[in-house]
Amino acid sequence: MKRSKSSRVLKILSYVLLITGMIVILYPFYLTIITALKTPQESSQNFFSFPQSFYLGNFVDVLQKANYFVFFRNSAVVTVVSVLLIMVLIPMCSYAIARNMEKRYYKTMYFYLLAGIFVPFQVIMVPLVKYLSKLNLCNIPGLIIMCVTLASSQGVFLLVNYIRSVPRDLEEAAYIDGCGTVKAYVKIVLPMIRPILATIFVLNALWVWNDFQMPLLILNQSQDMWTLPLFQYNFKSQYSFDYNLAFASYLIAMIPVLIAYACAQKHIVSGLTQGAVKS
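Residues numbered from 1 in each chain as written. Predicted model: local features only at pLDDT ≥ 70, side-chain atom pairs only at ≥ 80, totals over all residues. Heavy atoms only, no water.

**Q** Got a minute to help me understand the pattern of salt bridges in this structure?
**A** Between side chains of opposite charge, a pair can form as their charged atoms come close. Counting across every chain of the model gives 1 salt bridge. Close ionic contact of Glu171 with Arg99 constitutes a salt bridge, the shortest N to O distance being 2.5 Å. In this pair, Glu171 is assigned in helix α8 (residues 168-176) and Arg99 in the loop between α4 (68-98) and α5 (104-115), connecting sequence segments 72 residues apart. For the pair shown, Glu171 and Arg99 are each scored as buried. (Salt bridge = Lys/Arg side-chain N within 4 Å of Asp/Glu carboxyl O. Helix = DSSP H or I, 4+ residues; strand = E, 2+ residues; numbered from the N terminus. Buried < 20%, exposed > 50% of the residue type's maximum accessible area, 1.4 Å probe, protein only.)

Shown next, in the form of structure tokens:
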């Protein structure tokens, strides 16, 4: 009886926590949607009420703003190129480290990259901007380089642990059949680490697309190089904030992220759980 009562209490508590978490996550999303579908007059009357009519003028106003598609293009270029380089370079680096961990050079490189996880970006952002300025890299290519560099620590940590769980026997069998290192990596290793690759893809796509701080520091020399988060920040003036236009722009910017997540979501949980615990 005591066990059944305690299990029932735990079940009720788990449901309460799940419902609370769901409300905490969904309520801000609800506010974003209803605010984007309201007129400014409706929002001023009652910010939390459901819209009386589904007003789409906010979305039209956002898309008609000057240079909106330029900012969208900049965000797309930075995200696509950064994620592409991350998905090509970091797995190769991780494979070399994972298969040579017994050598001092590779082990030192692994812990050197791993140390980057524990260094907050706020600590390095000022010297970083000065260094990029001296190299004339306060532009979109410089931002792409920094995205790839900062993504390397987490990516190498996840991938090295995952690759070390892949049996070497499969690669040795491929070598016997005439495969070289590159072919064995492409044909054997990459298909077996697909879940963690999907996880890294989604995590970095979300981060690069939504990042505000690094573009603000690096792309402040010219408005033509702004990304979407910097454009959305302009809805705030010194004395007011246009919530309707801002929330409409947030919903538009969410569409590519939702598509990317929908394409890879089945691999995300398995990639994180397997890659984080294997050694």
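After that view of the structure, there is still more to cover.
**Q** Where do I start with the packing of helix α9 (residues 181-192) against helix α10 (residues 194-210) in this structure?
**A** When two helices pack together, their arrangement is captured by the angle between the axes and the distance separating the axes. Two elements in contact, α9 and α10, have axes separated by 5 Å at closest approach and are oriented at 70°. On the basis of their axis angle, the class for α9 and α10 is roughly perpendicular. Together, Leu190, Pro191 and Met192 of α9 and Arg194, Pro195 and Leu197 of α10 make up the contact between the two elements. Here the residues of the contact of α9 with α10 are counted per class, giving 5 nonpolar, no polar and 1 charged. (Axes fitted to C-alpha atoms, helices over the stretch in contact; angles between N-to-C directions. Parallel < 35°, antiparallel > 145°, perpendicular 65-115°, else oblique. Contact = heavy atoms within 4.5 Å. Nonpolar A, V, L, I, M, F, W, Y, C, P; charged D, E, K, R; others polar.)

**Q** Explain the packing of helix α7 (residues 140-163) against α10 here, please?
**A** Orientation of α7 relative to α10, taken along the N-to-C sense of each, is 160°, at an axis distance of 11 Å. Judged by the angle between their axes, α7 and α10 are roughly antiparallel. Read as a crossing pair, α7 and α10 show a hand that is right-handed. Between α7 and α10, the contacting residues are Cys147, Leu150, Ala151, Gln154, Gly155, Leu158, Leu159 and Tyr162 on the first element and Pro195, Ile196, Leu197, Ile200, Leu203, Asn204, Trp207 and Val208 on the second. Class assignment for the residues of the contact of α7 with α10 results in 13 nonpolar, 3 polar and no charged. (Left-handed = near helix turned anticlockwise from the far one by under 90°.)

**Q** Honestly, helix α6 (residues 121-134) in this entry has me stumped. Any pointers?
**A** Three or four residues apart is the spacing at which side chains of an α-helix point the same way, because the helix has 3.6 residues per turn. Helix length check: α6 (14 residues) gives 19 Å between terminal C-alpha atoms against 20 Å at 1.5 Å per residue, within 8%. A bend of about 30° at Pro127 is the largest found in α6. Within the sequence span of α6, burial applies to Phe121, Leu128 and Leu132. Packed against the buried residues of α6 are α7 and α11 (213-218). Directly beyond the C-terminal end of α6, a positive phi value near 60° is found at Asn136. (Expected span 1.5 Å × (residues − 1). Bend = angle between axes of the 7 residues up to and from the residue.)

**Q** Is there a simple way to think about unusual backbone geometry in this case?
**A** Residues other than glycine predominantly adopt negative phi, and peptide bonds predominantly adopt the trans conformation. Residue Asn136 is not a glycine yet carries a positive backbone phi of 60°. Looking at the element boundaries, Asn136 is found in the loop between α6 and α7.

**Q** Honestly, the environment of Phe71 in this entry has me stumped. Any pointers?
**A** Topologically, Phe71 is positioned in helix α4. Along the chain, Phe71 and Gln232 lie 161 residues apart, while their C-alpha atoms are 9.9 Å from each other.

**Q** Whenever I open this one, the packing of aromatic side chains confuses me. Can you help?
**A** For any two aromatic rings, the description comes down to two numbers: the centre-to-centre distance and the angle of the planes. As enumerated under the stated definition, the model contains 14 aromatic pairs in all. Summarising the aromatic geometry, the rings of Phe71 and Phe231 are spaced 5.3 Å apart at their centres and angled 35° between planes, so their arrangement reads as tilted. On the criterion of sequence distance, the pair formed by Phe71 in helix α4 and Phe231 in helix α12 (residues 228-233) is long-range, its members being 160 residues apart. Take Phe231: its relative accessible area is 5%, and that puts it in the buried class. (Phe/Tyr/Trp six-rings, centres within 6.5 Å; stacked < 30°, edge-to-face > 60°.)

**Q** Help me understand the environment of Trp209, please; the structure alone is not making it clear to me.
**A** Position of Trp209 among the secondary structure elements: in helix α10. By relative accessible area, which is 7% here, Trp209 ends up buried. Beyond its immediate chain neighbours, meaning those up to four positions away, Trp209 contacts Phe72, Ser75, Ala76, Thr79, Leu228, Pro229, Ala253, Pro256 and Val257.

**Q** In this structure, what is going on with α7? I would like to understand it.
**A** The terminal C-alpha atoms of α7 lie 32 Å apart, and with 24 residues this matches the ideal 34 Å at 1.5 Å per residue to within 8%. Where α7 bends most, at Ser152, the angle is about 40°. For α7, the N-terminal cap is Asn139; the gap from its side-chain oxygen to the backbone nitrogen of Gly142 is 3.0 Å. (Polar contact = N/O pair within 3.5 Å; in protein donor to acceptor, adjacent residues only side chain to side chain.)

**Q** For this particular structure, what's the right way to read a nonpolar patch on the surface?
**A** A contiguous nonpolar patch, built from Tyr15, Leu18, Ile19, Met22, Ile23, Val24, Ile25, Leu26, Tyr27 and Phe48 and spanning about 1100 Å² of accessible area, is present on the exposed surface. Here Met22 lies in helix α1 (residues 2-36). Here Met22 falls in the partly exposed class, since its relative accessible area comes to 45%. (Patch = residues over 30% accessible without salt bridge, like charges linked within 9 Å, V, L, I, M, F, W, Y side chains within 5 Å. Areas by Shrake-Rupley, 256 points an atom, 1.4 Å probe, with all protein chains shown as cover.)

**Q** Help me understand the state of the cysteines in this model?
**A** Every disulfide links exactly two cysteines, by a covalent bond between their sulfur atoms. Scanning the entire structure with this criterion turns up 0 disulfides. Between Cys93, a free cysteine, and Cys147, which holds the nearest cysteine sulfur, the sulfur-to-sulfur gap is 18 Å. Cys138 supplies the cysteine sulfur nearest to Cys147, a cysteine that is in no disulfide, at a spacing of 14 Å. (Disulfide = S-S within 2.5 Å.)

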